[in-house]
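# Examination of the molecular architecture
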Amino acid sequence: MKGRSQNPESRIQNGIRGSHVFIFWLLASGFWLLFSSALVNSQSTNGGERAAKAQPVSLQQWGAVTLFHGLPSDRVRAIAQDADGAMWFGTDAGLAKYDGRRTQTITSEGLPQGRVLALKVDADGALWIGTEGGATRYVNNRFQLIKETEGKVITAILLRERGRAVLASEEGLVFNCTVGADGSLSVRGIPETPLRSADEKQPGLLRLTSLALVGDTLFAGTRSRGLLEIEGDEVREVQSRPRAFTVEALEGDAKGNLWLGARAKGEEGALYQAGDPAHPKLIDAGTGAVTALRADGQGRVWVGTDGRGVFQYQDSQRLARFTFGSTAGGLRSDKVYSIFVDREDVVWFGTDRGVCRYDPYALRVESISDNPESNFVRTLLQTKDGMLLTGTNRGMFVRDGATASWKSVSELAQKTVYAIAADESGRMLVGSASGLYQSDEPVDKNNRELRFTKQDAGGVGTGDSVRAIVKFQGRTFVATFGRGLERLDESRRTLVWPTEAQDARAREVVSLYADEKGRLWIGTATSGVYVFDGKSVVSDPALAELTGSAVWSVDGTQDSWLWFATSRGLYGYWQGKLTKILPDTDARRVMVSGDRATSRQAWCATAGSGLVKVALDTRFGAIAARLDAEQGLPSQSAFALLDDSAGATKEALLIGTSRGLARYDPGTTSPVLVITRLIGQRIHTLDELREGLFLEYPQNSLVLDVAAASSRTFPEQFQ
């Protein structure tokens, strides 16, 4: 990530110190989270499993923490994340904490020895730990042993409600733990007499493996007695058909279904989904033994197996499969012990070769064609029914959502396409270096075989290069480089501006933008910006600074804030004042980010500097963060932007570059800031900060150093 700051009103002085530096860091680090992920997604998560191809490992999408990085053991049985964002790993050699900078093995007299098999962080920030020798609770930097579990193998922990946890053991008991107001624990074993195994080959106490809460019903998975239902002090076996007697994993999804993972022979199916626990349904015949289950916040379920990698499901449909081979080693091993989805939807897998992370929302890149020039994307359009069209240096392409493939439009093959739009009838208009084209019929989901006819150029010769198309005051206008602004009347173009007597440079129109105030902004290659109100075209003296630069793109908000992307940088314009936001940048496309009513944030695609996000702060001015090849963008040069949020709560972008199309889902979680040092008349220790700071007199200034754990859970470590 590269960043810089620039104040539109006045430059921020280099001498800012103390609290001002800290506040600025809060703003900058919060903005930095937008660019925390990247690169190629070799699997589809939208509508069916795709054939897996081994791709080079993307360190932004895949990463690992292993024995080499400080883990006490590569066998990772449990994963959790605390309130500060740090990751905790339960391994065969004990407990480890990873904060994005270092991996720390945790040792304490209050932590039972042996394997750590279960981890959970409760609503009060306490970490519950299940081990081979019992359970403990880590709160306020101290371990609180749960004496009733001493000597028991704790295999699963479930947080039923605030202040209450349920623990499963291999000794036939479930422990109900209640936390008092003073932090004391009340623990009760359920049932009073430990349950016994039903396996004649392995008699003894019943081994409980997993816990799940569906509605108000608590379930436990066992080895030899299948699924148990626990209500109060009563425990009963669920007599289901079909019945899996060895249940290794349980999970409840957002729709109230119970998922069961069982043992299986070879590659037989062992994954069940049950709306009614008495009637589970085998939903996949090829998972092999299922060892871990986890539902994420998007309604999907992740399934870990004993030797067949990881599967992903939506309802009962398999979406994807990840293996060591298909991810080129991104998934460290096909033997998965545990799965955890962190607060930013990054998925962590505990395996027998360490823990690895997978970011489903990392930047994904796809090629339009095998021809490099066809991957030079200049414009993008998505129709109301979801059809995606892209204009490139070598034609226009339509994406088939069902097959995720691109189809070339024959009439525009080998032509440079600059603009795509739709008229009132639903027919597509395409501006190219060879003129204006219109589809013969309206485009909808039932009509994907597009046919185009070239429109009358109105006397224009071979220089008919259409750069932009826009709807304005109920009419369609086009920008023709070398001729000017034209109005499309049915199938004929009429020149609107400039006249023969005006400056010939004004004819070099490259961009158009119709604002909310009934104005059409006209950007040219060298003569600046003009404004058309439907009757006449005028220039604004306040925009004189733009003269001499190419105004490639214009976008704005409803309250008349305007952004100008030019060959000399990105500018902001409001209340008659023009301010340079990003200097010395060839800004090619600008798009308002967020609420288009009053937003002061924008995305800016540049030629040579990647994608830049700019936010204007009332105190510190412009704060910029950059996404480029270092974070996985296929090229430093981007020319097209499209908002692909489609009503979703999260922002999503399609980015057209000189080397293909990229999809980017920005993070929304602010980074966690950790104080590392405080300097006054002397350096104060972190213990002083925790216990309360007393400053010597006089104290004129303080310098506070902080470190930020970035979004998408420490991606910088994996870069």
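Before reading on, note that the structure itself is shown above.
Attention in this report is confined to the structure presented alongside it. This one's a predicted model, so the numbers in the text were calculated from it and none came from an experiment.

### A word on the pattern of salt bridges
- In total, this model carries 36 salt bridges according to the counting rule given.
- Note that Arg137 and Asp122 form a salt bridge whose closest N and O atoms lie 3.8 Å from each other. You can see Arg137 sitting in strand S9 (residues 134-139) and its partner Asp122 sitting in the loop between strand S7 (116-121) and strand S8 (127-131), a full 15 residues away along the chain.
- Under the relative-accessibility criterion, Arg137 is labelled buried at 5%.
- As a salt-bridge pair, Asp306 and Arg263 come within 3.1 Å of each other at their nearest N and O atoms. Of this pair, Asp306 sits in the loop between strand S24 (300-305) and strand S25 (310-314) while Arg263 sits in the loop between strand S20 (258-262) and strand S21 (271-274), and the two are 43 residues apart along the sequence.

### A word on the side chain of Asn176
- Mapped onto the fold, Asn176 is located in strand S13 (residues 174-179).
- A polar side-chain atom of Asn176 sits 2.9 Å from a polar atom in the side chain of Arg164.
- Not counting the four nearest positions on each side in its chain, Asn176 is found in contact with Arg164, Ala165, Val166, Ser186, Val187, Arg188 and Ile190.

### Regarding the sheet that holds strand S43 (residues 509-514)
- Taken in spatial order, the 4 strands of this open sheet run S43-S44-S45-S46, and their pairing is antiparallel. The open sheet has two edge strands, S43 and strand S46 (537-539), and neither has a second partner. Strand-to-strand twist of the sheet, defined as the mean angle between neighbouring strand axes without regard to direction, takes the value 30°.
- The pairing of S43 with strand S44 (residues 520-524) spans 5 bridges and is antiparallel. Bridge pairing in S44 links Ser511 to Gly523.

### Here's the deal with the nonpolar core
- Ranked by internal contacts, the top residues of the largest apolar core, which has 24 residues, are Leu250, Leu258, Leu260, Leu271, Leu293 and Val303.
- If you list the elements that add at least two residues to this core, you get strand S15 (207-214), strand S19 (247-252), S20, S21, strand S23 (290-295), S24 and S25.
- If you tally residues by element for this core, the top one is S20, at 4 residues.
- Residues in contact with Leu293, not counting those within four places in the same chain, are Ala249, Leu250, Glu251, Trp259, Leu260, Gly261, Leu271, Val301, Trp302 and Val303.

### Some words on the sheet that holds strand S41 (residues 484-489)
- In spatial order, the strands read S39-S40-S41-S42; together these 4 strands make up an open sheet with antiparallel pairing. Strand pairing shows two members of the sheet lacking a second neighbour, strand S39 (465-472) and strand S42 (492-497), which therefore form its edges. Pairwise comparison of adjacent strand axes, ignoring direction, gives a mean angle of 35° for this sheet.
- Relative to strand S40 (residues 475-481), S39 runs antiparallel, the two sharing 7 bridges. Bridge pairing in S40 links Val470 to Phe477.

### A short note on unusual backbone geometry
- The omega angle of the peptide bond from Ile190 to Pro191 is -10°, so this bond is cis rather than trans.
- Topologically, Pro191 is positioned in the loop between strand S14 (185-190) and S15.
- Cis rather than trans, the peptide bond between Trp497 and Pro498 has omega equal to 0°.
- Along the chain, Pro498 turns up in the loop between S42 and S43.
- Although it is not a glycine, Asp345 adopts a positive phi angle of roughly 65°.

### Brief notes about the environment of Glu268
- Tracing the chain through its elements places Glu268 in the loop between S20 and S21.
- A relative accessible area of 46% places Glu268 in the partly exposed class.
- Remark: the alpha-carbon pair of Glu268 and Ala289, spanning 21 residues in sequence, is separated by 7.6 Å.

### Notes on the packing of aromatic side chains
- Applying the stated criterion to the full structure yields 24 aromatic pairs.
- Here the aromatic rings of Trp521 and Tyr573 are separated by 6.2 Å at their centres, their planes lie at 70°, and the arrangement is edge-to-face. Of this pair, Trp521 sits in strand S44 while Tyr573 is found in strand S49 (residues 569-574), placing the two residues 52 residues apart along the sequence. Considered together, Trp521 and Tyr573 belong to a single accessibility category, that of buried residues.
- Aromatic rings pair up to connect Trp62, Trp302, Phe322, Phe349 and Tyr358 into one cluster.

### Overview of the pairing of S19
- Counting buried residues along S19, 5 of its 6 residues qualify, which places the element largely inside the surrounding structure.
- In this sheet, S20 lies alongside S19 in antiparallel orientation, the contact comprising 5 bridges. Looking across to S20, one finds that Glu251 is bridged to Trp259.
- A loop of 5 residues connects S19 with S20, the two strands running antiparallel in sequence, and Gly256 in this loop sits at a positive phi of about 85°.

### Looking at the side chain of Ser553
- Note on placement: Ser553 falls in strand S47 (residues 551-556).
- What makes Ser553 buried here is its relative accessible area of 4%.
- Only 3.2 Å separates the side chain of Ser553 from the backbone nitrogen of Val590, close enough to count as a polar contact.
- Those residues in contact with Ser553, other than ones at most four positions away along the chain, are Ser511, Trp563, Phe564, Ala565, Arg588, Arg589 and Val590.

So, how was this worked out
- Residues numbered from 1 in each chain as written.
- Predicted model: local features only at pLDDT ≥ 70, side-chain atom pairs only at ≥ 80, totals over all residues.
- Heavy atoms only, no water.
- Salt bridge = Lys/Arg side-chain N within 4 Å of Asp/Glu carboxyl O.
- Helix = DSSP H or I, 4+ residues; strand = E, 2+ residues; numbered from the N terminus.
- Buried < 20%, exposed > 50% of the residue type's maximum accessible area, 1.4 Å probe, protein only.
- Polar contact = N/O pair within 3.5 Å; in protein donor to acceptor, adjacent residues only side chain to side chain.
- Contact = heavy atoms within 4.5 Å.
- Pairing = 2+ DSSP bridges.
- Axes fitted to C-alpha atoms, helices over the stretch in contact; angles between N-to-C directions.
- Core = buried A, V, L, I, M, F, W, Y, C linked by side-chain atoms within 4.5 Å.
- Phe/Tyr/Trp six-rings, centres within 6.5 Å; stacked < 30°, edge-to-face > 60°.

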